[in-house]
Amino acid sequence: MKLAIVGVGKMGKSILEGLLRAEMLEPSEIGILDTPERTQAVAQETGARPLYLEDLRRCERILLSVQPKDLAALAPQIAHPNVGYISIMAGVSTAVLSRRLGTRRVVRCMPNLAATIGKSSTAITGPREAEEAGDLQFARALFATVGDVYDLPEQLFDAFTGMSASAPAYVAVVAEALADGGVKQGIPRAQALRLAADVLIATGELLRRKHPAVLKDEVSSPGGTTIHGLAALEARGVRAALMEAVEAATLRGHELGKDE
Ligand SMILES: NC(=O)c1ccc[n+]([C@@H]2O[C@H](COP(=O)([O-])OP(=O)(O)OC[C@H]3O[C@@H](n4cnc5c(N)ncnc54)[C@H](O)[C@@H]3O)[C@@H](O)[C@H]2O)c1
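Here we summarise the structure given alongside this text. (Residues numbered from 1 in each chain as written. Predicted model: local features only at pLDDT ≥ 70, side-chain atom pairs only at ≥ 80, totals over all residues. Heavy atoms only, no water.)

Examining the sheet that holds strand β7 (residues 120-125)
Test applied: Strand pairing requires that DSSP identify at least two bridges connecting the strands. In this text, helices come from DSSP runs of H or I with a minimum length of four residues, and strands from runs of E with a minimum of two, each type numbered from the N-terminal end. Residue contacts are defined here by distance: any two heavy atoms, one from each residue, within 4.5 Å place the two residues in contact. Lines fitted to the C-alpha atoms define the axes, with helices restricted to the stretch that makes contact. Angles between their N-to-C directions range from 0 to 180 degrees.
Taking strand neighbours across the sheet as the criterion, the eight strands line up as β3-β2-β1-β4-β5-β6-β7-β8 in an open arrangement whose pairing is mixed. Edge positions in the sheet fall to β3 (49-50) and β8 (147-151), since each of these pairs with one other strand and no more. Pairing analysis gives two bridges linking strand β2 (residues 30-33) to β3, with the strands arranged parallel. Its bridge partner being in β3, G31 is matched across the sheet by R49. Lying over the sheet, helix α1 (residues 10-21) contacts β1 (3-6), β2 and β4 (61-64), oriented at roughly 170° with respect to β2.

See below:
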(Lines give C-alpha, C1' and ligand atoms only; values in the text may rest on other atoms or scores of the structure.)
Protein backbone atom coordinates (compact mmCIF):
# COMPACT_ATOMS: atom_id res chain seq x y z
CA MET A 1 0.00 0.00 0.00
CA LYS A 2 1.54 3.32 -1.11
CA LEU A 3 -0.57 5.55 1.12
CA ALA A 4 -2.92 5.13 4.05
CA ILE A 5 -5.24 7.97 4.98
CA VAL A 6 -6.22 7.95 8.63
CA GLY A 7 -9.30 10.15 9.00
CA VAL A 8 -11.35 10.53 5.83
CA GLY A 9 -13.53 13.41 7.02
CA LYS A 10 -13.87 16.67 5.08
CA MET A 11 -10.15 17.13 4.41
CA GLY A 12 -8.96 13.52 4.21
CA LYS A 13 -11.67 12.69 1.67
CA SER A 14 -10.97 15.85 -0.40
CA ILE A 15 -7.29 14.91 -0.65
CA LEU A 16 -8.19 11.31 -1.51
CA GLU A 17 -10.49 12.52 -4.29
CA GLY A 18 -7.81 14.92 -5.57
CA LEU A 19 -5.13 12.29 -5.88
CA LEU A 20 -7.53 9.86 -7.56
CA ARG A 21 -8.67 12.58 -9.99
CA ALA A 22 -5.04 13.30 -10.88
CA GLU A 23 -4.32 9.55 -11.16
CA MET A 24 -1.32 9.98 -8.87
CA LEU A 25 -2.15 6.58 -7.36
CA GLU A 26 -4.57 3.75 -8.21
CA PRO A 27 -7.47 3.24 -5.78
CA SER A 28 -5.96 -0.16 -4.92
CA GLU A 29 -2.74 1.57 -3.77
CA ILE A 30 -4.58 3.67 -1.19
CA GLY A 31 -5.96 2.47 2.13
CA ILE A 32 -8.33 4.37 4.41
CA LEU A 33 -9.14 4.16 8.10
CA ASP A 34 -11.88 6.01 9.96
CA THR A 35 -14.90 4.79 11.92
CA PRO A 36 -16.17 1.48 10.44
CA GLU A 37 -19.21 3.19 8.87
CA ARG A 38 -17.23 6.09 7.41
CA THR A 39 -14.45 3.80 6.15
CA GLN A 40 -16.99 1.57 4.42
CA ALA A 41 -18.89 4.47 2.85
CA VAL A 42 -15.77 6.22 1.49
CA ALA A 43 -14.27 2.92 0.29
CA GLN A 44 -17.45 2.13 -1.63
CA GLU A 45 -17.57 5.62 -3.15
CA THR A 46 -13.88 5.86 -4.15
CA GLY A 47 -12.55 2.32 -4.53
CA ALA A 48 -9.86 2.91 -1.86
CA ARG A 49 -9.21 -0.09 0.39
CA PRO A 50 -10.68 -0.21 3.88
CA LEU A 51 -7.89 -0.80 6.44
CA TYR A 52 -7.59 -1.96 10.03
CA LEU A 53 -5.01 -0.52 12.45
CA GLU A 54 -2.78 -3.58 12.06
CA ASP A 55 -2.56 -3.02 8.27
CA LEU A 56 -0.83 0.34 8.73
CA ARG A 57 2.62 -1.18 9.37
CA ARG A 58 2.61 -2.39 5.73
CA CYS A 59 1.92 1.08 4.30
CA GLU A 60 4.74 3.19 2.85
CA ARG A 61 3.25 6.46 4.08
CA ILE A 62 0.39 7.57 6.31
CA LEU A 63 -1.56 10.81 5.90
CA LEU A 64 -2.93 11.93 9.25
CA SER A 65 -6.14 13.91 8.83
CA VAL A 66 -7.73 13.50 12.24
CA GLN A 67 -8.24 16.36 14.70
CA PRO A 68 -5.18 17.44 16.74
CA LYS A 69 -6.87 16.26 19.97
CA ASP A 70 -7.01 12.68 18.59
CA LEU A 71 -3.24 12.39 18.02
CA ALA A 72 -2.20 11.45 21.57
CA ALA A 73 -4.40 8.34 21.68
CA LEU A 74 -3.82 7.41 18.04
CA ALA A 75 -0.02 7.80 17.80
CA PRO A 76 1.05 4.75 19.86
CA GLN A 77 -1.26 2.58 17.73
CA ILE A 78 0.15 3.73 14.39
CA ALA A 79 3.85 4.36 15.14
CA HIS A 80 5.96 2.07 12.92
CA PRO A 81 9.68 2.56 12.20
CA ASN A 82 9.57 2.17 8.41
CA VAL A 83 6.63 4.46 7.70
CA GLY A 84 6.69 8.15 6.64
CA TYR A 85 3.99 10.39 8.13
CA ILE A 86 2.27 13.40 6.57
CA SER A 87 0.10 15.48 8.89
CA ILE A 88 -2.42 18.23 8.20
CA MET A 89 -3.30 18.73 11.87
CA ALA A 90 -3.49 22.41 12.85
CA GLY A 91 -0.83 23.50 15.32
CA VAL A 92 0.95 20.14 15.61
CA SER A 93 4.67 20.71 14.99
CA THR A 94 7.12 18.33 13.34
CA ALA A 95 8.88 18.07 16.74
CA VAL A 96 5.66 16.83 18.39
CA LEU A 97 4.92 14.50 15.47
CA SER A 98 8.45 13.06 15.70
CA ARG A 99 8.21 12.53 19.45
CA ARG A 100 4.76 10.94 19.29
CA LEU A 101 5.49 8.74 16.27
CA GLY A 102 9.10 7.86 17.11
CA THR A 103 10.53 8.89 13.72
CA ARG A 104 11.99 11.95 11.99
CA ARG A 105 10.17 10.96 8.78
CA VAL A 106 7.39 13.48 9.38
CA VAL A 107 5.97 16.12 7.04
CA ARG A 108 3.74 18.95 8.25
CA CYS A 109 1.26 20.34 5.72
CA MET A 110 -1.50 22.91 5.90
CA PRO A 111 -4.07 22.88 3.07
CA ASN A 112 -7.46 24.59 3.11
CA LEU A 113 -11.03 23.56 2.34
CA ALA A 114 -10.62 24.66 -1.30
CA ALA A 115 -8.84 21.29 -1.69
CA THR A 116 -12.39 20.02 -2.27
CA ILE A 117 -12.40 21.85 -5.63
CA GLY A 118 -8.67 21.53 -6.38
CA LYS A 119 -7.88 25.12 -5.33
CA SER A 120 -6.11 24.75 -2.00
CA SER A 121 -3.01 26.74 -1.06
CA THR A 122 -0.94 24.21 0.87
CA ALA A 123 2.14 24.95 2.99
CA ILE A 124 4.68 22.17 3.48
CA THR A 125 7.67 21.66 5.77
CA GLY A 126 9.69 18.76 7.13
CA PRO A 127 13.13 17.80 8.46
CA ARG A 128 16.11 16.53 6.45
CA GLU A 129 15.16 12.90 7.15
CA ALA A 130 11.78 13.42 5.46
CA GLU A 131 13.51 15.01 2.46
CA GLU A 132 16.02 12.14 2.22
CA ALA A 133 13.30 9.48 2.44
CA GLY A 134 11.32 11.16 -0.36
CA ASP A 135 8.43 12.01 1.97
CA LEU A 136 8.56 15.75 1.29
CA GLN A 137 8.65 15.16 -2.44
CA PHE A 138 5.70 12.76 -2.13
CA ALA A 139 3.73 15.31 -0.06
CA ARG A 140 4.43 18.10 -2.58
CA ALA A 141 3.09 15.88 -5.38
CA LEU A 142 0.12 14.80 -3.26
CA PHE A 143 -0.98 18.36 -2.46
CA ALA A 144 -0.30 19.53 -6.01
CA THR A 145 -3.30 17.34 -6.92
CA VAL A 146 -5.55 19.68 -4.89
CA GLY A 147 -4.01 23.08 -5.65
CA ASP A 148 -0.84 25.16 -5.18
CA VAL A 149 1.99 24.04 -2.87
CA TYR A 150 4.41 26.29 -0.96
CA ASP A 151 7.49 25.33 1.04
CA LEU A 152 7.16 27.38 4.23
CA PRO A 153 9.46 27.73 7.28
CA GLU A 154 7.81 25.96 10.19
CA GLN A 155 7.76 29.07 12.41
CA LEU A 156 5.17 30.57 10.00
CA PHE A 157 2.85 27.57 10.00
CA ASP A 158 0.44 28.79 12.68
CA ALA A 159 0.21 32.18 10.93
CA PHE A 160 -0.43 30.43 7.60
CA THR A 161 -3.12 28.35 9.32
CA GLY A 162 -4.74 31.42 10.93
CA MET A 163 -4.73 33.27 7.63
CA SER A 164 -4.96 30.98 4.61
CA ALA A 165 -6.44 27.79 6.07
CA SER A 166 -9.03 29.56 8.22
CA ALA A 167 -9.84 32.23 5.61
CA PRO A 168 -12.63 30.28 3.84
CA ALA A 169 -14.63 30.64 7.08
CA TYR A 170 -13.92 34.39 7.35
CA VAL A 171 -14.88 34.93 3.72
CA ALA A 172 -18.03 32.81 4.14
CA VAL A 173 -19.09 35.10 6.99
CA VAL A 174 -18.48 38.12 4.74
CA ALA A 175 -20.60 36.49 2.00
CA GLU A 176 -23.43 35.70 4.41
CA ALA A 177 -23.36 39.22 5.86
CA LEU A 178 -23.33 40.79 2.38
CA ALA A 179 -26.35 38.70 1.46
CA ASP A 180 -28.08 39.73 4.70
CA GLY A 181 -27.43 43.34 3.75
CA GLY A 182 -29.05 42.73 0.36
CA VAL A 183 -32.03 40.98 1.95
CA LYS A 184 -32.43 43.90 4.36
CA GLN A 185 -32.72 46.16 1.33
CA GLY A 186 -35.32 43.88 -0.28
CA ILE A 187 -33.34 41.49 -2.51
CA PRO A 188 -34.73 37.90 -2.32
CA ARG A 189 -32.51 35.61 -0.20
CA ALA A 190 -31.53 33.11 -2.92
CA GLN A 191 -30.60 35.88 -5.32
CA ALA A 192 -28.64 37.76 -2.63
CA LEU A 193 -26.60 34.63 -1.78
CA ARG A 194 -25.83 33.99 -5.45
CA LEU A 195 -24.80 37.62 -5.98
CA ALA A 196 -22.54 37.54 -2.92
CA ALA A 197 -20.79 34.35 -4.11
CA ASP A 198 -20.39 35.68 -7.65
CA VAL A 199 -18.90 39.01 -6.58
CA LEU A 200 -16.44 37.26 -4.24
CA ILE A 201 -15.29 34.93 -7.03
CA ALA A 202 -14.95 37.83 -9.51
CA THR A 203 -13.14 40.01 -6.97
CA GLY A 204 -10.76 37.14 -6.22
CA GLU A 205 -9.89 36.97 -9.92
CA LEU A 206 -9.36 40.75 -10.07
CA LEU A 207 -7.13 40.64 -6.97
CA ARG A 208 -4.77 38.33 -8.84
CA ARG A 209 -4.22 41.18 -11.31
CA LYS A 210 -4.21 44.29 -9.15
CA HIS A 211 -3.41 45.47 -5.64
CA PRO A 212 -6.43 45.62 -3.27
CA ALA A 213 -5.98 49.38 -2.75
CA VAL A 214 -6.10 50.01 -6.52
CA LEU A 215 -9.21 47.88 -6.93
CA LYS A 216 -10.92 49.67 -4.01
CA ASP A 217 -10.10 53.08 -5.50
CA GLU A 218 -11.39 52.07 -8.95
CA VAL A 219 -14.78 51.07 -7.51
CA SER A 220 -15.16 54.20 -5.37
CA SER A 221 -16.53 57.11 -7.43
CA PRO A 222 -16.07 60.56 -5.86
CA GLY A 223 -19.15 61.30 -3.74
CA GLY A 224 -20.62 57.97 -4.94
CA THR A 225 -22.25 54.99 -3.28
CA THR A 226 -19.19 52.84 -2.53
CA ILE A 227 -17.24 55.41 -0.53
CA HIS A 228 -20.28 55.77 1.76
CA GLY A 229 -20.37 52.00 2.20
CA LEU A 230 -16.61 51.95 2.87
CA ALA A 231 -16.91 54.72 5.46
CA ALA A 232 -19.47 52.59 7.30
CA LEU A 233 -17.10 49.58 7.17
CA GLU A 234 -14.16 51.64 8.45
CA ALA A 235 -16.32 53.03 11.28
CA ARG A 236 -16.97 49.43 12.40
CA GLY A 237 -13.26 48.56 12.29
CA VAL A 238 -13.48 45.85 9.64
CA ARG A 239 -9.72 45.90 8.94
CA ALA A 240 -8.79 45.60 12.60
CA ALA A 241 -11.39 42.85 13.04
CA LEU A 242 -9.86 40.76 10.23
CA MET A 243 -6.31 41.31 11.48
CA GLU A 244 -7.42 40.28 14.97
CA ALA A 245 -9.12 37.20 13.53
CA VAL A 246 -5.83 36.07 11.96
CA GLU A 247 -3.98 36.79 15.22
CA ALA A 248 -6.53 34.90 17.36
CA ALA A 249 -6.44 31.90 15.03
CA THR A 250 -2.63 31.95 14.97
CA LEU A 251 -2.49 31.97 18.78
CA ARG A 252 -4.97 29.11 18.89
CA GLY A 253 -2.62 27.17 16.60
CA HIS A 254 0.18 27.69 19.15
CA GLU A 255 -2.14 26.38 21.89
CA LEU A 256 -3.24 23.31 19.91
CA GLY A 257 0.44 22.47 19.34
CA LYS A 258 1.33 22.38 23.04
CA ASP A 259 2.21 18.82 23.90
CA GLU A 260 1.63 17.83 27.53
N1 LIG B 1 -11.50 21.70 7.81
C2 LIG B 1 -10.53 22.49 7.34
O3 LIG B 1 -10.80 23.50 6.68
C4 LIG B 1 -9.08 22.15 7.58
C5 LIG B 1 -8.09 22.79 6.83
C6 LIG B 1 -6.75 22.45 7.03
C7 LIG B 1 -6.41 21.51 7.98
N8 LIG B 1 -7.39 20.91 8.71
C9 LIG B 1 -6.99 19.89 9.68
O10 LIG B 1 -7.41 18.67 9.13
C11 LIG B 1 -7.74 17.74 10.15
C12 LIG B 1 -9.09 17.13 9.83
O13 LIG B 1 -10.04 18.16 9.73
P14 LIG B 1 -11.46 17.87 9.05
O15 LIG B 1 -12.10 19.21 8.91
O16 LIG B 1 -11.32 16.98 7.89
O17 LIG B 1 -12.18 17.10 10.27
P18 LIG B 1 -13.33 16.01 10.19
O19 LIG B 1 -13.91 15.98 11.57
O20 LIG B 1 -14.23 16.27 9.04
O21 LIG B 1 -12.53 14.65 9.91
C22 LIG B 1 -11.77 13.98 10.87
C23 LIG B 1 -12.03 12.49 10.67
O24 LIG B 1 -11.16 11.76 11.53
C25 LIG B 1 -11.86 10.61 11.99
N26 LIG B 1 -11.18 10.09 13.17
C27 LIG B 1 -11.13 10.59 14.43
N28 LIG B 1 -10.37 9.79 15.22
C29 LIG B 1 -9.92 8.80 14.42
C30 LIG B 1 -9.10 7.66 14.66
N31 LIG B 1 -8.57 7.43 15.87
N32 LIG B 1 -8.83 6.82 13.63
C33 LIG B 1 -9.35 7.06 12.39
N34 LIG B 1 -10.16 8.13 12.11
C35 LIG B 1 -10.43 8.97 13.12
C36 LIG B 1 -13.26 11.13 12.24
O37 LIG B 1 -14.21 10.06 12.29
C38 LIG B 1 -13.47 12.05 11.04
O39 LIG B 1 -14.08 11.42 9.95
C40 LIG B 1 -7.67 18.52 11.46
O41 LIG B 1 -6.50 18.17 12.15
C42 LIG B 1 -7.62 19.98 11.05
O43 LIG B 1 -6.80 20.75 11.91
C44 LIG B 1 -8.71 21.20 8.52
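Some points on the state of the cysteines
This is how it is decided: Two cysteine sulfur atoms form a disulfide, by the criterion used here, when they sit within 2.5 Å. When a residue's accessible area, from a 1.4 Å probe over protein chains only, is under 20% of the maximum for its type it is buried; when over 50% it is exposed; and in between it is partly exposed.
Scanning the model with the defined rule gives zero disulfides in all. Between C59, a cysteine without a disulfide, and C109, which holds the nearest cysteine sulfur, the sulfur-to-sulfur distance is 17 Å. Its relative accessible area of 0% is what places C109 among the buried residues.

Regarding the site of the ligand
Applied cut-off: When we say a residue is near a molecule or strand, we mean one of its heavy atoms is within 4 Å of it. Polar contacts here mean pairs of N or O atoms no more than 3.5 Å apart (in protein, one a potential hydrogen donor and the other a potential acceptor; neighbouring residues in sequence count only if both atoms are side-chain atoms). Under the convention used here, a 1.4 Å probe and the Shrake-Rupley method define accessible areas, while residue burial counts only the protein chains that appear. Put plainly, a pocket is an open set of points on a 1 Å grid over the protein atoms alone with protein on both sides within 12 Å along at least five of seven lines, a cavity is a set where a 1.4 Å probe fits but cannot get out, and a lining residue has an atom within 4 Å of a point. Any molecule with more than half of its atoms within 2 Å of a cavity's or pocket's grid points is counted as sitting in it.
In the region of the ligand, 20 residues are neighbours, and K10, M11, D34, V66 and Q67 sit closest. At a separation of 2.9 Å, an oxygen atom of the ligand approaches a polar side-chain atom of K10. The separation between an oxygen atom of the ligand and a polar main-chain atom of M11 is 2.8 Å. Here the ligand has 830 Å² of accessible area as a free molecule, and 76% of this is covered by the chains. With respect to the pocket detection grid, the ligand is positioned in the second largest pocket.

Brief notes about helix α6 (residues 135-144)
For clarity, the threshold we go by: Throughout, the arc means the angular range of directions from the helix axis out to the C-beta atoms.
Looking at α6, one finds that the buried residues are D135, L136, F138, A139, L142 and F143. Take α6 and look down its axis: the buried residues cluster within an arc of 155°, on one side only.

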